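# A look at the structure
Residues per chain are reported as follows:
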Amino acid sequence: AKERDALLGALGAMRGKEASTVVGTASKTGDAATRAALFGVLAARHADDQIQTVAAALAEKDVALRIGALKALGTLAGGGEAQARVKVLKEATDKDEMAAAEAALMAAAPRQGEACVNAVAKAVVDIAPANGAALIRALGPAATPKAMTEAVKQTKNANAEIKDAAVHVLAEWRDMPAVTP
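Counting restarts for each chain: residues are numbered from 1 in the order of the written sequence. Only residues with pLDDT of 70 or above have their local features reported here, since the model is predicted, and side-chain atom pairs are shown and tallied only from 80 upward, although totals for entire chains, interfaces and linings are computed over all residues. Only hydrogens and water are set aside; all other atoms, that is, all heavy atoms of the structure, feed into the side-chain values.

### Here we look at the pattern of salt bridges
The condition is simple: Salt bridges, as used here, are contacts in which a Lys or Arg side-chain nitrogen is within 4 Å of a carboxyl oxygen on Asp or Glu. Each helix is a run of H or I in the DSSP string that is no shorter than four residues. Each strand is a run of E no shorter than two, and both are numbered from the N terminus.
Within the structure shown, the criterion is met by four salt bridges. The salt bridge involving E102 is made with R137; its shortest N-O contact spans 2.6 Å. Here the residue E102 occupies a position in helix α7 (residues 95-123), and R137 occupies one in helix α8 (residues 129-137), the gap between them amounting to 35 residues.

### Overview of the packing of helix α3 (residues 32-44) against helix α5 (residues 63-73)
Let me state the cut-off plainly: Angles run from 0 to 180 degrees between N-to-C directions of axes, and those axes are lines fitted to C-alpha atoms, restricted for helices to the stretch in contact. Orientation categories follow fixed angle ranges, with anything under 35 degrees roughly parallel, anything over 145 roughly antiparallel, 65 to 115 roughly perpendicular, and all other angles oblique. Contacts were defined at the residue level, with two residues in contact if any of their heavy atoms lie within 4.5 Å. Amino acids are sorted into nonpolar (Ala, Val, Leu, Ile, Met, Phe, Trp, Tyr, Cys and Pro), charged (Asp, Glu, Lys and Arg) and polar (every other residue, Gly among them).
Packing of α3 against α5 brings their axes to within 8 Å, and their N-to-C directions diverge by 0°. The angle between α3 and α5 falls in the class roughly parallel. Together, A32, R35, A36, F39 and A43 of α3 and A64, L65, G68, A69 and A72 of α5 make up the contact between the two elements. Here the residues of the contact of α3 with α5 are counted per class, giving eight nonpolar, one polar and one charged.

### Re the nonpolar core
In a soluble, globular protein the nonpolar side chains are often hidden away together inside. The line we're drawing: The definition of a nonpolar core used throughout is a set of buried Ala, Val, Leu, Ile, Met, Phe, Trp, Tyr and Cys residues joined through side-chain atoms within 4.5 Å. For every residue, the accessible area (1.4 Å probe, protein chains only) is compared with the maximum for its type, and the residue is labelled buried under 20%, exposed over 50%, or partly exposed between those bounds.
F39, V54, L105, V120, L135, I136 and L139 are the most contacted members of the largest nonpolar core, which has 54 residues in total. Considering each element in turn, this core owes the most residues, 11 residues, to α7. Ignoring sequence-local partners within four residues, the contact set of L139 consists of V117, V120, A147, E150, A151, V169 and W173.

Given below as C-alpha coordinates:
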(Lines give C-alpha, C1' and ligand atoms only; values in the text may rest on other atoms or scores of the structure.)
Protein backbone atom coordinates (compact mmCIF):
# COMPACT_ATOMS: atom_id res chain seq x y z
CA ALA A 1 0.00 0.00 0.00
CA LYS A 2 2.85 2.38 0.79
CA GLU A 3 4.49 1.72 -2.56
CA ARG A 4 1.20 2.28 -4.40
CA ASP A 5 0.60 5.56 -2.55
CA ALA A 6 4.14 6.70 -3.32
CA LEU A 7 3.69 5.80 -6.99
CA LEU A 8 0.37 7.62 -7.20
CA GLY A 9 1.93 10.66 -5.53
CA ALA A 10 4.82 10.63 -7.98
CA LEU A 11 2.44 10.35 -10.93
CA GLY A 12 0.48 13.31 -9.61
CA ALA A 13 3.63 15.41 -9.26
CA MET A 14 4.97 14.75 -12.77
CA ARG A 15 4.76 17.71 -15.12
CA GLY A 16 3.45 17.93 -18.62
CA LYS A 17 0.58 16.71 -20.71
CA GLU A 18 2.53 13.58 -21.64
CA ALA A 19 2.40 12.37 -18.05
CA SER A 20 -1.39 12.78 -18.04
CA THR A 21 -1.58 10.82 -21.27
CA VAL A 22 0.45 7.98 -19.72
CA VAL A 23 -1.79 7.93 -16.62
CA GLY A 24 -4.91 8.06 -18.80
CA THR A 25 -3.70 5.12 -20.88
CA ALA A 26 -2.83 3.14 -17.75
CA SER A 27 -6.30 3.84 -16.29
CA LYS A 28 -7.96 1.91 -19.11
CA THR A 29 -6.81 -1.50 -17.89
CA GLY A 30 -6.17 -3.29 -14.63
CA ASP A 31 -8.20 -3.93 -11.53
CA ALA A 32 -10.96 -1.54 -10.49
CA ALA A 33 -9.16 -0.19 -7.40
CA THR A 34 -6.03 0.72 -9.38
CA ARG A 35 -8.03 2.28 -12.19
CA ALA A 36 -10.10 4.33 -9.70
CA ALA A 37 -6.88 5.50 -8.02
CA LEU A 38 -5.48 6.54 -11.41
CA PHE A 39 -8.66 8.54 -12.05
CA GLY A 40 -7.88 10.33 -8.80
CA VAL A 41 -4.40 11.12 -10.12
CA LEU A 42 -5.92 12.55 -13.30
CA ALA A 43 -8.23 14.72 -11.21
CA ALA A 44 -5.34 15.91 -9.02
CA ARG A 45 -3.43 16.81 -12.18
CA HIS A 46 -6.51 18.61 -13.56
CA ALA A 47 -6.00 16.54 -16.69
CA ASP A 48 -9.05 17.84 -18.54
CA ASP A 49 -7.66 16.33 -21.75
CA GLN A 50 -8.36 12.89 -20.22
CA ILE A 51 -12.01 13.53 -19.35
CA GLN A 52 -13.32 11.18 -22.04
CA THR A 53 -11.17 8.37 -20.66
CA VAL A 54 -12.60 8.91 -17.19
CA ALA A 55 -16.17 9.37 -18.44
CA ALA A 56 -15.96 6.09 -20.39
CA ALA A 57 -15.65 4.26 -17.06
CA LEU A 58 -19.19 5.36 -16.16
CA ALA A 59 -20.42 2.54 -18.42
CA GLU A 60 -18.43 -0.12 -16.52
CA LYS A 61 -20.22 -2.71 -14.36
CA ASP A 62 -18.01 -2.26 -11.28
CA VAL A 63 -19.62 0.19 -8.84
CA ALA A 64 -16.32 1.11 -7.15
CA LEU A 65 -14.81 1.96 -10.52
CA ARG A 66 -17.80 4.15 -11.44
CA ILE A 67 -17.54 5.90 -8.06
CA GLY A 68 -13.84 6.60 -8.70
CA ALA A 69 -14.67 8.00 -12.12
CA LEU A 70 -17.46 10.15 -10.69
CA LYS A 71 -15.18 11.59 -8.02
CA ALA A 72 -12.63 12.50 -10.68
CA LEU A 73 -15.31 14.01 -12.90
CA GLY A 74 -16.30 16.26 -10.02
CA THR A 75 -12.93 17.97 -10.45
CA LEU A 76 -12.39 17.73 -14.19
CA ALA A 77 -14.01 20.37 -16.37
CA GLY A 78 -15.87 18.97 -19.30
CA GLY A 79 -18.53 19.91 -21.73
CA GLY A 80 -19.97 16.73 -23.06
CA GLU A 81 -20.51 14.30 -20.25
CA ALA A 82 -23.51 15.85 -18.45
CA GLN A 83 -25.77 13.18 -19.88
CA ALA A 84 -23.44 10.41 -18.69
CA ARG A 85 -23.42 11.81 -15.14
CA VAL A 86 -27.21 12.15 -15.20
CA LYS A 87 -27.62 8.60 -16.52
CA VAL A 88 -25.50 7.16 -13.70
CA LEU A 89 -27.43 9.18 -11.12
CA LYS A 90 -30.78 8.12 -12.57
CA GLU A 91 -29.84 4.43 -12.49
CA ALA A 92 -27.85 4.36 -9.23
CA THR A 93 -29.05 1.95 -6.57
CA ASP A 94 -25.93 2.02 -4.39
CA LYS A 95 -26.05 4.93 -1.91
CA ASP A 96 -22.34 5.69 -2.27
CA GLU A 97 -22.62 5.74 -6.05
CA MET A 98 -25.68 7.99 -5.82
CA ALA A 99 -23.80 10.42 -3.56
CA ALA A 100 -20.75 10.45 -5.87
CA ALA A 101 -22.94 10.93 -8.95
CA GLU A 102 -24.84 13.78 -7.33
CA ALA A 103 -21.59 15.48 -6.26
CA ALA A 104 -20.14 15.09 -9.77
CA LEU A 105 -23.29 16.50 -11.35
CA MET A 106 -23.45 19.41 -8.88
CA ALA A 107 -19.79 20.23 -9.61
CA ALA A 108 -20.39 20.12 -13.36
CA ALA A 109 -23.67 22.04 -13.35
CA PRO A 110 -22.16 25.55 -13.17
CA ARG A 111 -19.76 24.69 -16.02
CA GLN A 112 -22.25 22.82 -18.18
CA GLY A 113 -25.36 24.93 -17.56
CA GLU A 114 -27.97 24.22 -20.20
CA ALA A 115 -26.55 20.79 -21.11
CA CYS A 116 -26.98 19.77 -17.48
CA VAL A 117 -30.49 21.22 -17.25
CA ASN A 118 -31.59 19.52 -20.48
CA ALA A 119 -30.26 16.15 -19.29
CA VAL A 120 -31.96 16.53 -15.89
CA ALA A 121 -35.29 17.54 -17.46
CA LYS A 122 -35.30 14.44 -19.66
CA ALA A 123 -34.21 12.07 -16.89
CA VAL A 124 -36.56 13.16 -14.11
CA VAL A 125 -39.48 11.38 -15.78
CA ASP A 126 -40.25 7.85 -14.49
CA ILE A 127 -37.54 7.80 -11.84
CA ALA A 128 -37.09 6.59 -8.27
CA PRO A 129 -37.91 9.46 -5.87
CA ALA A 130 -34.47 9.69 -4.22
CA ASN A 131 -32.74 9.70 -7.62
CA GLY A 132 -35.15 12.30 -8.98
CA ALA A 133 -34.63 14.56 -5.98
CA ALA A 134 -30.85 14.29 -6.42
CA LEU A 135 -31.20 15.30 -10.07
CA ILE A 136 -33.38 18.29 -9.19
CA ARG A 137 -30.82 19.52 -6.65
CA ALA A 138 -28.37 19.98 -9.54
CA LEU A 139 -30.59 22.68 -11.03
CA GLY A 140 -29.49 25.20 -8.39
CA PRO A 141 -25.79 25.15 -9.28
CA ALA A 142 -26.68 25.28 -13.00
CA ALA A 143 -28.25 28.68 -12.22
CA THR A 144 -29.70 29.32 -15.66
CA PRO A 145 -33.16 30.68 -16.49
CA LYS A 146 -34.07 27.27 -17.89
CA ALA A 147 -32.91 25.63 -14.63
CA MET A 148 -35.23 27.91 -12.69
CA THR A 149 -38.10 27.15 -15.05
CA GLU A 150 -37.50 23.41 -14.60
CA ALA A 151 -37.35 23.78 -10.81
CA VAL A 152 -40.66 25.68 -10.83
CA LYS A 153 -42.15 22.95 -13.04
CA GLN A 154 -40.98 20.26 -10.61
CA THR A 155 -42.78 21.95 -7.69
CA LYS A 156 -45.87 20.43 -9.29
CA ASN A 157 -44.38 16.92 -9.51
CA ALA A 158 -46.65 14.19 -8.16
CA ASN A 159 -43.81 12.78 -6.06
CA ALA A 160 -43.39 14.57 -2.72
CA GLU A 161 -39.60 13.98 -2.51
CA ILE A 162 -38.98 15.48 -5.96
CA LYS A 163 -41.37 18.35 -5.26
CA ASP A 164 -39.61 19.05 -1.94
CA ALA A 165 -36.20 19.11 -3.67
CA ALA A 166 -37.53 21.61 -6.23
CA VAL A 167 -38.91 23.87 -3.47
CA HIS A 168 -35.54 23.76 -1.68
CA VAL A 169 -33.67 24.61 -4.89
CA LEU A 170 -35.89 27.64 -5.42
CA ALA A 171 -35.68 28.69 -1.78
CA GLU A 172 -31.88 28.74 -1.98
CA TRP A 173 -31.69 30.35 -5.43
CA ARG A 174 -29.45 33.42 -5.55
CA ASP A 175 -30.60 36.54 -7.36
CA MET A 176 -34.14 35.27 -7.79
CA PRO A 177 -35.91 37.17 -10.56
CA ALA A 178 -39.66 37.40 -10.53
CA VAL A 179 -41.13 34.16 -11.90
CA THR A 180 -44.65 33.08 -12.60
CA PRO A 181 -45.29 29.63 -11.07
